[in-house]
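# An overview of the molecular structure
One-letter residues, chain by chain:
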Amino acid sequence: MNEEFDFGKVDEHSVSQKMIEIFKDTKKKRDNYKKYGPLFIIVSGILFLTLMFSLDSKIFFLILWVISVVYCVALMIRAEYRYCEWAKILGLIEEKETEEESDE
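A short tour of the structure in this document, coming up. (Residues numbered from 1 in each chain as written. Predicted model: local features only at pLDDT ≥ 70, side-chain atom pairs only at ≥ 80, totals over all residues. Heavy atoms only, no water.)

### Here we look at the environment of Lys-29
Checked against the element boundaries, Lys-29 lands in helix H1 (residues 12-54). On the accessibility criterion, Lys-29 (44% relative accessible area) is partly exposed. Between the alpha carbons of Lys-29 and Ala-79 there is a distance of 6.9 Å; along the sequence they are 50 residues apart. (Helix = DSSP H or I, 4+ residues; strand = E, 2+ residues; numbered from the N terminus. Buried < 20%, exposed > 50% of the residue type's maximum accessible area, 1.4 Å probe, protein only.)

Written out as structure tokens, the structure is:
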């Protein structure tokens, strides 16, 4: 279990290519979440509020609406976090830049 990894056998080019592919995939997911996330929140709000006021089980649809909004927002936050982490690893953004953005 305490085996040391031999870095001499690692092909640096293939590792960097895989990291770039993961970053591109993460960026694509982030862009999709940024595009469709707010749209989903608006549509789900209209749908669940319509169901809430037209049917008897108001609390049930209100709870479903809140859960769907929280889940969608959590996915969007996770995608943004992963994108920033990969961008830092690849050196595309500096840590100081992300700290300044979070202060604003």
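### Some thoughts on a nonpolar patch on the surface
Together, Tyr-36, Leu-39 and Val-43 make up a nonpolar patch on the protein surface, roughly 300 Å² of accessible area in all. Here Leu-39 lies in helix H1. On the basis of relative accessible area, Leu-39 is assigned to the partly exposed category, the value being 48%. (Patch = residues over 30% accessible without salt bridge, like charges linked within 9 Å, V, L, I, M, F, W, Y side chains within 5 Å. Areas by Shrake-Rupley, 256 points an atom, 1.4 Å probe, with all protein chains shown as cover. Salt bridge = Lys/Arg side-chain N within 4 Å of Asp/Glu carboxyl O.)

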